[in-house]
Amino acid sequence: MRPKEVVHLALGTPANHVATHFWNTQEAYMDYAPSSRVPLVDHDVSFREGLGVHGTSTYTPRALFFDVRQEFGTLRTRNALYGAEEDDELRKEWEGEVIHTSDPVEPSWYAEQLRQEDEGIVHEAPQGRPIRYWSDYSRCPLHPRSLVPVSAPSLHGSTFLEPGIQSFDTYEQGYSVAQAMEKDHAILDENVRWLAEDSDLMQAFQMTASGSDAFSGVTAAYLSWLADEYPKTERVVFNVASSSPKDDSERSSRLRVYERSAVLATDTKIAQLGATTDY
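These numbers were taken from a predicted model, which means no experiment stands behind them.

Even after reading the chapter, I still don't get the packing of aromatic side chains, so can you show me in this structure?
Aromatic ring pairs are described here by two measures, namely the spacing of the ring centres and the angle between the planes. Applying the stated criterion across every chain, the model contains ten aromatic pairs. Geometrically, the ring pair formed by F47 and Y59 is stacked, given 5.4 Å between the ring centres and 20° between the ring planes. Note that F47 is positioned in strand β2 (residues 47-51) and Y59 in strand β3 (residues 57-61), a separation of twelve residues in sequence. Geometrically, the ring pair formed by F168 and F215 is edge-to-face, given 5.6 Å between the ring centres and 90° between the ring planes. Of this pair, F168 sits in the loop between α4 (153-156) and α5 (171-185) while F215 sits in helix α7 (residues 215-229); the two residues are 47 residues apart in sequence, bridging distant segments of the chain. Taking relative accessible area as the criterion, F168 reaches 13% and is therefore assigned buried.

Can you walk me through the sheet that holds strand β7 (residues 234-240) in this structure?
The strands making up a sheet are joined through hydrogen bonds of the backbone, oriented either antiparallel or parallel. The strand order across the open sheet formed by five strands is β5-β4-β1-β6-β7, and the pairing between neighbours is parallel. Taken across any chain shown, the strands that pair with only one partner, and hence form the sheet edges, are β5 (147-149) and β7. Within this sheet the neighbouring strands show an average axis-to-axis angle of 15°, counted without direction. For strand β1 (residues 6-11) and strand β4 (residues 63-67), the ladder comprises four bridges, and the chain directions are parallel. Paired with A10 across the bridge in β4 is F65.

Please clarify how unusual backbone geometry should be interpreted in this entry.
Note on backbone geometry: most residues besides glycine have negative phi, and most peptide bonds are trans. One non-glycine residue, A186, lies in positive phi territory at about 50°. Looking at where A186 falls in the secondary structure, it is placed in the loop between α5 and α6 (187-198).

Before we go on, may I ask you to explain the pairing of β7 in this structure?
The two faces of a sheet get side chains in turn, since along a regular strand they alternate between them. In the sheet, strand β6 (residues 204-210) pairs with β7 via seven bridges, with the strands oriented parallel. Looking at β7, one finds that A209 is bridged to N239. Chirality of the crossover, the property in question, places the unit of β6, α7 and β7 among those that are right-handed.

So what exactly am I meant to see when it comes to the environment of A28 here?
By the secondary structure assignment, A28 is in helix α1 (residues 13-28). Sequence separation between A28 and C140 is 112 residues; the distance between their C-alpha atoms is 9.8 Å.

Is there a simple way to explain the nonpolar core in this structure?
In terms of nonpolar packing, the biggest core is built from 31 residues, with L9, L64, F66, M181, F205 and Y222 touching the most fellow members. The set of elements that each furnish at least two residues to this core consists of β1, β4, α5, α6, β6 and α7. With residues up to four places along the chain from it excluded, the contact list for Y222 reads F66, A178, M181, E182, I187, L188 and M207.

About the cut-offs
Residues numbered from 1 in each chain as written. Predicted model: local features only at pLDDT ≥ 70, side-chain atom pairs only at ≥ 80, totals over all residues. Heavy atoms only, no water. Phe/Tyr/Trp six-rings, centres within 6.5 Å; stacked < 30°, edge-to-face > 60°. Helix = DSSP H or I, 4+ residues; strand = E, 2+ residues; numbered from the N terminus. Buried < 20%, exposed > 50% of the residue type's maximum accessible area, 1.4 Å probe, protein only. Pairing = 2+ DSSP bridges. Axes fitted to C-alpha atoms, helices over the stretch in contact; angles between N-to-C directions. Right-handed = clockwise from strand over helix to strand, strands pointing away. Core = buried A, V, L, I, M, F, W, Y, C linked by side-chain atoms within 4.5 Å. Contact = heavy atoms within 4.5 Å.

Read these as spatial facts, not as claims about activity.
Next comes the structure, spelled out in structure tokens:
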């Protein structure tokens, strides 16, 4: 029986923390042993096969991750599966001046530990910086086209914020930015359609959305456009709501994100299993 694929969208930092737990759980169900049992979850519903830059087979989430650029952490639009090695070779051959606009983000201790495990290196104590971004504890490799950084050059130049505004937290901001993103980058045609057309029998869009900041507006815009473009495809939305802040420190903010992620990840997993069941 052909799988009924689900295309996932995660919009906003809290939503991406929840989505990361969800994808880590999905990855934990995978068993590559020859004598493994029939899997509990049909992974082809939410994962897609592809070919890497050297023709190697890849298996990545059938998902898009919307967030502000700095929250992607170490993730890049070209990675080890899709062209990063070629980029490194080009840098070695380049003899001109190199200008660094910002320091690269170092891997977290967890990401470094995963890399060392893959290479058979065992360390008693974890090494690396503390976890700061949702990508720091992601176990699943992501296709570069799955990353959708918020960008609206036609609206506010190189940034997505109006002059004098320091935060991205209102519905109106998000809706305006979503409209500008479609105008500038055609996310529906370039990213969403890429996943939809890669599916044999797509059954639904599953959206995990941050509902307490500007991504509520981004979500509303894309939810409306998906209804217009794919009127016969079901749409399921899970809202990640932020509680009232205890204080304004960065540490407190991130702790609240982790707390919400731990609680909501279970609900998201259960909903996904229900959504992909063939009744």
